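The residues making up each chain are set out below.
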Amino acid sequence: QVQLVESGGGSVQAGGSLRLSCKASGRTVSVYGMGWFRQAPGKEREFVAAITWSGGTTYYADSVKGRFTISRDNAKNTVYLQMNSLRPEDTAVYYCAAQRVATMTDNYDYWGQGTQVTVSS
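It should be emphasised that the depicted structure is a prediction, and the values quoted were computed from it without experimental measurement.

### Some thoughts on the overall build of the protein
Reasoning step 1: For the protein, the helix and strand inventory stands at 0 helices and 11 strands.
Reasoning step 2: Start at the N end of the protein and walk to the C end: the helices and strands fall as β-β-β-β-β-β-β-β-β-β-β.
Reasoning step 3: Relative to a compact globule of 121 residues, whose C-alpha radius of gyration would be 14 Å, the protein shows 13 Å and is just as compact.
Reasoning step 4: With the principal axes as the frame, the protein shows a C-alpha extent of 40 × 25 × 25 Å.
Reasoning step 5: In the protein, buried positions account for 46% of the 121 residues.
Reasoning step 6: Contacts spanning at least 24 positions in sequence make up 55% of the contacts within the protein whose residues lie at least 6 apart.
Reasoning step 7: For the protein, the exposed surface amounts to about 6100 Å²; the carbon and sulfur share of it is 45%.

Following this line, the structure appears as structure tokens:
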């Protein structure tokens, strides 16, 4: 099993920045990919960004390209999501996820509890 704990959410004005963190513990040797998803009220959960655990290959949803950056620190078993130029439509609960096969955008095996991000106009 892999446990994921997110942190770093909060409230910010449009144009501001936040950095989310996701610390993994447990059987992290089985993890090949990490991702961030989000779910806004009344909407389905959507993919945001992903990174391979070892190779550092990244993938982004079109809606966040150029504004968000995913990175990882293997020594700390932590993945980050740097969010810049935030917009009100970025408001959502953000979830960290881990997968045993790096398909990037789907088929995640483990999920965190989520952290709220609120962007005001």
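### A short note on the sheet that holds strand β7 (residues 68-73)
Whenever strands of a sheet pair, they do so through backbone hydrogen bonds, lying parallel or antiparallel.
Reasoning step 1: Taken together, 4 strands build an open sheet; the order of strands is β1-β3-β8-β7 and the sheet is antiparallel. Lying at the two open borders of the sheet, with one neighbouring strand each, are β1 (2-7) and β7. Strand-to-strand twist across the sheet, computed as the mean angle between neighbouring axes with direction ignored, equals 20°.
Reasoning step 2: As paired strands, β7 and strand β8 (residues 78-83) are joined by 6 bridges and run antiparallel to one another. Counted as the bridge partner of R72 is V79 from β8.

### Observations regarding the pattern of salt bridges
Reasoning step 1: Taken as a whole, this structure holds 5 salt bridges when the rule is applied.
Reasoning step 2: Here R38 ties to D90 by a salt bridge, and the two come within 2.9 Å at their closest N and O atoms. Residue R38 is located in strand β4 (residues 33-39), and its partner D90 is located in the loop between β8 and β9 (92-99); the two are separated by 52 residues in the primary sequence. You'll find R38 and D90 in the same group, each marked buried.
Reasoning step 3: A salt bridge links K65 to D62, with the nearest nitrogen and oxygen atoms 3.2 Å apart.
Reasoning step 4: D62 sits in the exposed class, given a relative accessible area of 65%.
Reasoning step 5: Salt bridges here are not isolated pairs; linked through shared partners, they connect R38, E46, R67 and D90.

Each value, and the rule that gives it
- Residues numbered from 1 in each chain as written.
- Predicted model: local features only at pLDDT ≥ 70, side-chain atom pairs only at ≥ 80, totals over all residues.
- Heavy atoms only, no water.
- Helix = DSSP H or I, 4+ residues; strand = E, 2+ residues; numbered from the N terminus.
- Rg over C-alpha atoms; globule rule 2.2 N^0.38 Å.
- Buried < 20%, exposed > 50% of the residue type's maximum accessible area, 1.4 Å probe, protein only.
- Contact = heavy atoms within 4.5 Å.
- Areas by Shrake-Rupley, 256 points an atom, 1.4 Å probe, with all protein chains shown as cover.
- Pairing = 2+ DSSP bridges.
- Axes fitted to C-alpha atoms, helices over the stretch in contact; angles between N-to-C directions.
- Salt bridge = Lys/Arg side-chain N within 4 Å of Asp/Glu carboxyl O.

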